[in-house]
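# Structural description and commentary
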Amino acid sequence: METQVLLKKKKVTQDTERITGCEAIVRCLLAEGVDVLYGYPGGAIMPVYDELFKYKDKIHHVLTRHEQGATHSAQGYARISGRVGVAIATSGPGATNLITGIADAQIDSTPMVCITGQVASHLLGSDAFQETDIVGISTPVTKWNHQITKASEIPEVMAKAFYLAKSGRPGPVLIDITKDAQLEEFDFVYEECTGVRSYNPVPKTDPNSLLRAAQLINTAKKPMVVWGQGVILSEAEEQLKTVIEKAGIPSAWTILGASAIPTSHPLNVGMVGMHGNYAPNVLTNECDVLIAIGMRFDDRVTGNLNTYAKQAKVIHFEIDPSEIDKNVRADIPVLGDAKASLTALLPMLKSNTHPDWLERFKTLYAIEFNKVIRPDIFPTKEGLTMGEVIREINVQSKGDAAIVSDVGQHQMITCRYAEFNKTKSNITSGGLGTMGFALPAAIGAKMAAPDRDVIVIAGDGGYQMTIQELGTIFQTKVPVKIVVLNNEFLGMVRQWQQLFFDKRYASTEMTNPDFVSIAKGYSISAQKVTKREELESAISEMMACKDAYFLEVCVEKEDNVFPMIPTGASVSDIRLE
C-alpha cells in the first residue's frame, strides 16, 4: 500500500487478468505506445522474448548485433521522434554491454528505458552464471533504476520508468527483472504513472525572474543568446525564433542545439565551443547580456571558466535546478520549461534591433570565412577535404536530411558545415563523445522517421567500433546512407598529437580493411571516392538509392579542424590556424 501512495496513477487497463510477468512486461510496453524496441536475447531474458514472439504483429523487435548497438539505436529513435527509446538485453555481459549507451543517454538527456533480465532471485549474490549487479553498475549513469523480484511489481515499476524517462529533463532508466519474476503469475492491471512524490520534473517559473530577465534584455546593448538541446527537448523552437526576432538578438548554439533554428536564419550566428565559429566564441567575452537557454555550460563550450563572459550579466533558462550556478553563475536564473518560459517572456520584450552589434558578428565571420571556411569547403589543394563532402551533401539534400555523426574531426566538420532546415536533424553524441554511436543511432532514427533521408557521417575509426551493425541493416533493410570520411587516422587524436605532442603520432594511424567489400558482403550498394571529380556523382547516386548505401570518401590524411580553443584557454583565445 505504501508504494501506491508514492505514485500518481491513471488507470489504463480496466480489469485484472491473471498472466505471467513476462506477458505483463509486453502489455506494459504496449500500454506506453511502444511499437519498436532494440535488443539481443539470452537466457535470463528468454521468457520475455518468448512473449514478444507472440506479440510480434504489435511490437517490432530489432535484433542488433551488439547490445551497445541496441542502446544507440534506441537513442537515435528517441532523438528524432521525441519518444522514449527502448532497449532490452539479458543478464551479465548483455546488461553490461548496455552501459556505454546508457551513459551517453544520461549526459545527453535522451529518454530511454532499458530492460534487462537477471538470474532467479534465489541466486542473487551467489555469483551465478551471467550474474552481475547491473543496478549497482548503472546507478551513476541512470536517471533511475530498479530491480524487480516479484511479478506483481512489474506494472507499477514499468509505469514509473516511462514517466521518469520522459518527464522534466529526460534521461535513461534501467529495469532489471529476475527470471522467476518473469515466469510468476499474478493479477495484472496497468495504471499510467502521472507523478512521483518528491519529484518535481518541471519547476514552477517565478514571474519576477521573467520580468527581471525582460528588463535586462530590453536595456542590453550587446545581447547574445546561446541555446542548447533543451530548446529541442521542450519543443520550443518556434518560441525561440520569435523571441530572438522580436528582440533582434544574435544567437549561437551548442552542438546538441543545432537545427532548432534553420542554419540560414539571419540571427543564427553559428556554433560555440572548442571547434565552433570564431565570432560567437570571441564575442561571448564582449556581450553585455548572455542569455543561455536549455544548455548546461559544458566545458567544451566555456573553455576557461575564470575568463568566461565575466563582463556579462547572465540569464539562464533551465529546467534542471542542479545546472543553475554549477559552472557559470547566473545573475537571473529562470527555472522551468523552455517553451513555457519563452512564451511568457515574449510579451514583456520590446521590439529591438542591434545593427552595430550584429555587424561585429559579420566582420568576424568574414575573417573566419577567408582563413578557415573557404579552404575547407572550396579547397584548392589536390586532396579532398571533409568540408567539401559536407557541402556537396548540403547541395543534394537541400538541408532536409537528418545527419547522424560519429565522434571526431568529421563530427566537428559536420556540425560546422551541415545545413539544417528542420529541427531534430543533428543527431550526435555530445557529452560522452562515444565513438561508434552513429551507425546504430541512424538505424533507430530512420525507423522513427522513415520519410526522411538519414545520413551517417563517420570516420574510419569510429565506424569500425560498431561496424557489425551492418548486419542489422542487412536483416531489417533499413535504408540509411553511410558516409565514411577515411583519413587513415584517428583524426582528432592525431590533430592534438600534431599541435601539442610534436607530431608523435602514437597509435593513431589506421591500417583499414576494404570497406566497400565489407558493405557489399552485407548486400549494401557501395563505392569509393578518391578524386574530387567523382564526388558529386557518387553522392547523387547515394541520395537516389532507395535502399541502404555505403560511400567511402578518402580525404586528406593530415587536415586539421579549425577554429580551435586549446584546452584551458579562454574562448576569446580561439585559434584560426
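Residues numbered from 1 in each chain as written. Predicted model: local features only at pLDDT ≥ 70, side-chain atom pairs only at ≥ 80, totals over all residues. Heavy atoms only, no water.

### A closer look at the packing of aromatic side chains
So the rule is basically this: Paired rings are identified among Phe, Tyr and Trp, the last through its six-membered ring, by centres lying within 6.5 Å, and are further divided according to the angle between planes into stacked (under 30 degrees), edge-to-face (over 60) and tilted (the rest). Strands are runs of DSSP state E lasting at least two residues, helices are runs of H or I lasting at least four, and both sets are numbered from the N terminus onward. We call a residue buried when its accessible area falls under 20% of the maximum for its residue type, exposed when it is over 50%, and partly exposed in between, using a 1.4 Å probe and counting protein chains only. Consider the ring centre and the ring normal. A charge sits over the ring if Lys NZ or Arg CZ is within 6 Å of that centre and within 35 degrees of that normal.
Under the criterion given, the structure shown has 11 aromatic pairs. Note on tyrosine 365 and phenylalanine 369: the rings are 6.1 Å apart at their centroids and 40° apart in plane angle, and the pair reads as tilted. Remark: phenylalanine 369 and tyrosine 365 occur in helix H16 (residues 355–377); sequence separation between them is 4 residues, near one turn of the helix. For tyrosine 365, a relative accessible area of 40% translates into the label partly exposed. Ring-pair connections join several aromatic residues into one group, and the members of that group are Tyr463, Phe515 and Phe550. The ring centre of phenylalanine 489 lies 5.7 Å from the NZ or CZ of arginine 494, which sits over that ring.

### Overview of empty space enclosed by the protein
Inclusion rule: Grid points spaced at 1 Å and placed over the protein atoms alone form the basis of the search, with a cavity being a set where a 1.4 Å probe fits but cannot get out and a pocket an open set showing protein on both sides within 12 Å along at least five of seven lines. Lining residues have an atom within 4 Å of a point. Grid points are joined across faces, edges and corners, and a volume is the space filled by probe spheres set on the points. Residues are grouped as follows: nonpolar covers Ala, Val, Leu, Ile, Met, Phe, Trp, Tyr, Cys and Pro; charged covers Asp, Glu, Lys and Arg; every other residue, Gly included, is treated as polar.
Summed over all chains, the structure comprises 1 cavity of 30 Å³ or more. Of the pockets and cavities examined, the largest cavity occupies roughly 30 Å³. Lining the largest cavity, in full, are Ile217, Asn218, Ala247, Lys350, Asn352 and His354. The residue makeup of the lining of the largest cavity, split by class, is 2 nonpolar, 3 polar and 1 charged.

### Some remarks on helix H17 (residues 386–397)
To keep it simple, the criterion reads: For a helix, the expected span equals 1.5 Å multiplied by the residue count minus one. Working rule for contacts: check all heavy atoms of both residues, and any pair within 4.5 Å makes them a contact.
Here H17 is 12 residues long and its end C-alpha atoms lie 17 Å apart, about the 16 Å a rise of 1.5 Å per residue gives. For H17, the buried fraction is high: 10 of the 12 residues fall into the buried class. Three or more residues of H17 are buried, namely Met386, Gly387, Glu388, Val389, Ile390, Glu392, Ile393, Asn394, Gln396 and Ser397. On its buried face, H17 sits against H16, helix H18 (409–417), strand E19 (454–459), strand E20 (481–486), helix H24 (532–544) and strand E22 (549–554). Directly beyond the C-terminal end of H17, a positive phi value near 60° is found at lysine 398.

### Some words on the sheet that holds strand E8 (residues 172–178)
Rules: For two strands to be treated as a pair, DSSP must find no fewer than two bridges joining them. Note on definitions: angles span 0 to 180 degrees between N-to-C directions of axes, and those axes are lines fitted to C-alpha atoms, for helices only across the stretch in contact.
A sheet is described by the order of its strands in space; here 6 strands give the open sequence E4-E3-E5-E6-E8-E7, paired in parallel fashion. Single-partner strands in this sheet number two, and they are strand E4 (60–63) and strand E7 (144–148). For this sheet, the mean inter-axis angle between neighbouring strands, taken without regard to orientation, is 20°. Looking at chain direction, strand E3 (residues 36–40) and E4 are connected through 4 bridges and run parallel. Among the inter-strand pairings, glycine 39 is bridged to a residue of E4, identified as leucine 63. Together, strand E5 (85–89), strand E6 (112–118), E7 and E8 form the strand contacts of helix H8 (residues 154–166), whose direction differs from that of E7 by roughly 165°.

### Thoughts on the nonpolar core
The condition is simple: The term nonpolar core refers to a set of buried residues drawn from Ala, Val, Leu, Ile, Met, Phe, Trp, Tyr and Cys, joined through side-chain atoms within 4.5 Å. For the domains described, the bounds stem from an automatic or database domain assignment.
Among the nonpolar cores identified, the biggest contains 99 residues, and Leu290, Ile293, Ile315, Val483 and Val553 are the most heavily contacted of them. Looking at which domains feed residues into this core, each of domain 2 (207–361) and domain 3 (378–554) supplies at least three. For valine 483, the contacting residues outside a window of four places in its chain are Val389, Ile393, Ile455, Val456, Ile457, Ala458, Met542, Leu551 and Val553. Among the nonpolar cores identified, the runner-up in size contains 41 residues, and Cys22, Val26, Ala159 and Phe162 belong to it.

### Looking at the pairing of E20
Among the 6 residues in E20, 6 count as buried, and that is most of the element. The two faces of E20 match: Lys481, Val483 and Leu485 on one face and Ile482, Val484 and Asn486 on the other face are all buried. Examined bridge by bridge, E19 and E20 share 5 bridges and lie parallel to one another. Each bridged residue has a counterpart across the sheet, and for isoleucine 455 the counterpart in E20 is lysine 481. Alignment of E20 against E22, held across 6 bridges, turns out to be parallel. Note that in E22 the partner of valine 483 across the bridge is leucine 551.

### A look at the side chain of glutamate 51
Residue position: glutamate 51 is located in helix H3 (residues 46–54). Setting aside residues up to four positions removed in sequence, glutamate 51 forms contacts with Thr20, Cys22, Glu23 and Val26.

### Describing unusual backbone geometry
Of note, the bond from phenylalanine 562 into proline 563 is cis; its omega dihedral lies within 30 degrees of zero at 0°. Looking at the secondary structure, you find proline 563 in the segment after E22. For serine 259, which is not a glycine, the phi torsion comes out positive at approximately 90°. As for its position among the elements, serine 259 is in the loop between strand E12 (251–253) and strand E13 (268–271).

### A look at the environment of threonine 508
By secondary structure assignment, the location of threonine 508 is in the loop between helix H22 (491–500) and helix H23 (515–521). Taking C-alpha positions, threonine 508 is 9.9 Å from glutamine 495, a pair spaced 13 residues apart along the chain. Aside from chain neighbours lying at most four places away, what touches threonine 508 is Glu488, Phe489, Leu490, Val493, Arg494 and Gln497.

### Examining the domain arrangement of the chain
Condition: Buried area: the accessible surface (1.4 Å probe) lost by two parts on joining, summed over both. Salt bridge, as used here: a side-chain nitrogen of Lys or Arg that lies within 4 Å of a carboxyl oxygen of Asp or Glu.
Domain parsing of the chain yields domain 1 (4–196), domain 2 (207–361) and domain 3 (378–554). Averaged C-alpha coordinates put domain 1 and domain 3 at centres separated by 32 Å. Listed per partner, the contact involves 24 residues of domain 1 and 29 residues of domain 3. Both sides together, the interface formed by domain 1 and domain 3 hides about 1,900 Å², and carbon and sulfur atoms give 63% of it. Across the contact surface, domain 1 and domain 3 share 0 salt bridges. Of all the elements in the fold, those that place two or more residues in the side of domain 1 that touches domain 3 are E3, E4, helix H4 (67–81) and helix H6 (99–107). With 10 residues, the single largest contributor to the side of domain 1 that touches domain 3 is H4. Partitioning the side of domain 1 that touches domain 3 into residue classes produces 8 nonpolar, 12 polar and 4 charged.

### Structural notes on the environment of glutamate 556
Basically, it comes down to this: Throughout this description, a polar contact denotes any pair of N or O atoms lying within 3.5 Å of each other; where both atoms belong to protein, one of them has to be capable of donating a hydrogen while the other can accept it, and for residues adjacent in sequence the pair is counted only when both atoms sit in side chains.
Inspection of the secondary structure assignment puts glutamate 556 in the segment after E22. Considered as a pair, glutamate 556 and isoleucine 217 are 339 residues apart in the sequence and their alpha carbons are 45 Å apart. Not counting residues up to four positions away in its chain, the partners in contact with glutamate 556 are Lys381, Glu382, Gly383, Leu384 and Asn487. Looking at glutamate 556, its side chain comes within polar contact range of the main-chain nitrogen of glycine 383, at 3.2 Å.

### Some details on the layout of surface pockets
As a volume, the second largest pocket reaches approximately 610 Å³. Lining the second largest pocket are 30 residues, and of these Thr263, Asn268, Gly270, Asn277 and Tyr365 lie nearest its centre. Across the lining of the second largest pocket, the residue classes tally to 17 nonpolar, 8 polar and 5 charged. Both domain 2 (207–361) and domain 3 (378–554) contribute no fewer than three residues apiece to the lining of the second largest pocket.

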